[in-house]
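So the chains spell out like this:
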Amino acid sequence: ILADSAKKSPPHLVVFIVYDLPNRDCHAKASNGEICCYPNSDGTCNYDMSGDCAAGINQYKTQYIDPFVAVVRQYADRVPIALVIEPDSLPNLATNLGDPHCGNSATQAAYTQGIPYAINSFYNAVPNVPMYVDAAHGGWLGWDDNLQKFAQLIASLNIASKIRGFSTNVANYQPIGIQCPWQPQSQGSSRNDYCLNNQHQSDPCCADPCKLEGQWNPGNNELNYIQGLTVGLRQHIPNFQPHYIIDSGRNGVANMRQDCANWCNIRGAGVGLKPTTNTANTTLVDAYYWLKTPGESDGCTQMLPNGQACKRYDSMCGSADSIGSRSGEPRAPEAGKWFDYQIKMLAENAHM
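Quick notes on the rules
Residues numbered from 1 in each chain as written. Predicted model: local features only at pLDDT ≥ 70, side-chain atom pairs only at ≥ 80, totals over all residues. Heavy atoms only, no water. Core = buried A, V, L, I, M, F, W, Y, C linked by side-chain atoms within 4.5 Å. Buried < 20%, exposed > 50% of the residue type's maximum accessible area, 1.4 Å probe, protein only. Contact = heavy atoms within 4.5 Å. Helix = DSSP H or I, 4+ residues; strand = E, 2+ residues; numbered from the N terminus. Axes fitted to C-alpha atoms, helices over the stretch in contact; angles between N-to-C directions. Parallel < 35°, antiparallel > 145°, perpendicular 65-115°, else oblique. Left-handed = near helix turned anticlockwise from the far one by under 90°. 1 Å grid on protein atoms, 1.4 Å probe; cavity = no way out; pocket = protein on both sides within 12 Å on 5 of 7 lines; lining within 4 Å. Points joined across faces, edges and corners; volume = space filled by probe spheres on them. Disulfide = S-S within 2.5 Å. Pairing = 2+ DSSP bridges. Right-handed = clockwise from strand over helix to strand, strands pointing away.

Participant: I keep staring at the nonpolar core and nothing clicks. Help me out?
Facilitator: Within soluble globular proteins, side chains that are nonpolar tend to cluster in buried spots. Ranked by size, the top nonpolar core spans 69 residues in total, and within it F122 and F166 carry the most contacts. Non-local contacts of F166, meaning those with residues more than four positions away in its chain, are made with Y132, V133, A135, F150, I154, L233, F240, P242, H243, Y244 and I245. Counting 12 residues, the second largest nonpolar core, distinct from the first, contains A269, I323, A332 and I343.

So this is what it looks like as structure tokens:
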């Protein structure tokens, strides 16, 4: 990819998702870890085993990050490159420690040591390459307590000075929306009350397809979410000026889900805005970008298209909103595999 880009005039931007922490995806099954803290006999990860994850972290460093850094270093002076760092990982540590797969000492060690190692390694080798640490989305971290836990975690890792900012909505379906005026709960608060308590409901910026505002979550869209997240981060990291990229690959339809907790191969979704730096708030948002490739499966149905049982089946991929849960719909392949039915649906429903 980098070699092809270098041949173009001018070279094309290349965006990589850095995504292979030990015990990856600790709160789901569809894209569970390839590198394990403690592998089972069949090669899958034993998420229940605690420890320091020393072997897994070493494998991540030496077999994944170090070679990755070496390749990026070869092209960084010729090709524009951006990196998205470990989707869902720090959000899981901020909010899902009650899940023993995320809360055990091995997973925590893997994430809190692996992510700073990755960021420091890229920064030291290619400081001109911008990095965006994943910050989930407003339907996950938009509640002020969740947002504050995430901000505290970022501050504790001492990475803010080395990153450009954060990615949001990666592989998800939350709308970009319209940014609301800032009317915080109280002076210095990171919670914007503009749309809460049934206020300003006729304002388009308060459109709330996931009904989050009634749950005291002002992150009804990604622009409102990052506005609050920025305030929260600055409370813990003074003078921090984070920038954002928002995944617009599959959020062209806002109200297609019965339950916005559902995330797997959502029926009725559509491709969103084409990648662009012409964002609604250029002070905060660097770009909208298709980070999750439209057409790549989120996860498999219980039975794969070839009729075999899927070992990585996650029950969320059998939700009422997921393709394959209704009679007559095709079975979905494993996460990351091409899903032809889905890309045709996304194209048909596109709002670019």
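Participant: What should I look at first to understand the environment of K274 in this one?
Facilitator: Secondary-structure assignment places K274 in the loop between strand 5 (243–247) and strand 6 (285–289). A residue is classified by how much of its surface remains accessible, and K274, at 49% relative accessible area, is partly exposed.

Participant: I would appreciate a short explanation of the packing of helix 7 (residues 144–157) against helix 8 (residues 222–236) in the present structure.
Facilitator: For the pair helix 7 and helix 8, the least separation of the axes is 9 Å and the interaxial angle reads 45 degrees. Compared by their axis directions, helix 7 and helix 8 come out oblique. As for the relative orientation of helix 7 and helix 8, their crossing is right-handed in sense. Touching L147, Q148, F150, A151, Q152, I154 and A155 of helix 7 are G228, L229, G232, L233, Q235 and H236, all from helix 8.

Participant: How should empty space enclosed by the protein be read in this particular structure?
Facilitator: Rolled over the atoms, a probe with the dimensions of a water molecule shows which regions are left empty. Within the structure shown, the criterion is met by one cavity of 30 Å³ or more. There is about 100 Å³ of room inside the largest cavity. Considering the residues around the largest cavity, the lining is formed by 14 residues, among which N192, P218, G219, N224 and Y225 are closest to the centre. No other element matches helix 8, which puts three residues into the lining of the largest cavity.

Participant: Teacher, can you tell me more about the state of the cysteines here?
Facilitator: In a disulfide, the sulfur atoms of two cysteines are held together by a covalent bond. All chains considered together, the criterion is met by eight disulfides. Through a disulfide, C180 is tied to C205; the S-S separation comes to 2.0 Å. Taking the torsion about the S-S bond as the criterion, the C180 to C205 disulfide, at about 105 degrees, is right-handed. Of this pair, C180 sits in the loop between strand 4 (165–168) and helix 8 while C205 sits in the loop between strand 4 and helix 8; the two residues are 25 residues apart in sequence, bridging distant segments of the chain. When sorted by exposure, C180 lands in the same class as C205, which is buried.

Participant: Any chance you could explain the pairing of strand 5 here in plain terms?
Facilitator: The side chains of a regular strand alternate, residue by residue, between the two faces of the sheet. Of all five residues in strand 5, five are buried; the element is thus mostly enclosed. Burial of the side chains of strand 5 extends over both faces: H243, I245 and D247 are buried on one face and Y244 and I246 on the other. In the sheet, strand 4 pairs with strand 5 via four bridges, with the strands oriented parallel. Counterpart to T168 in the pairing with strand 5 is I246. In terms of handedness, the path from strand 4 via helix 8 over to strand 5 forms a crossover that is right-handed. Here strand 5 pairs with strand 6 via four bridges, running parallel. If you follow D247 over to strand 6, its bridge partner there is Y289.

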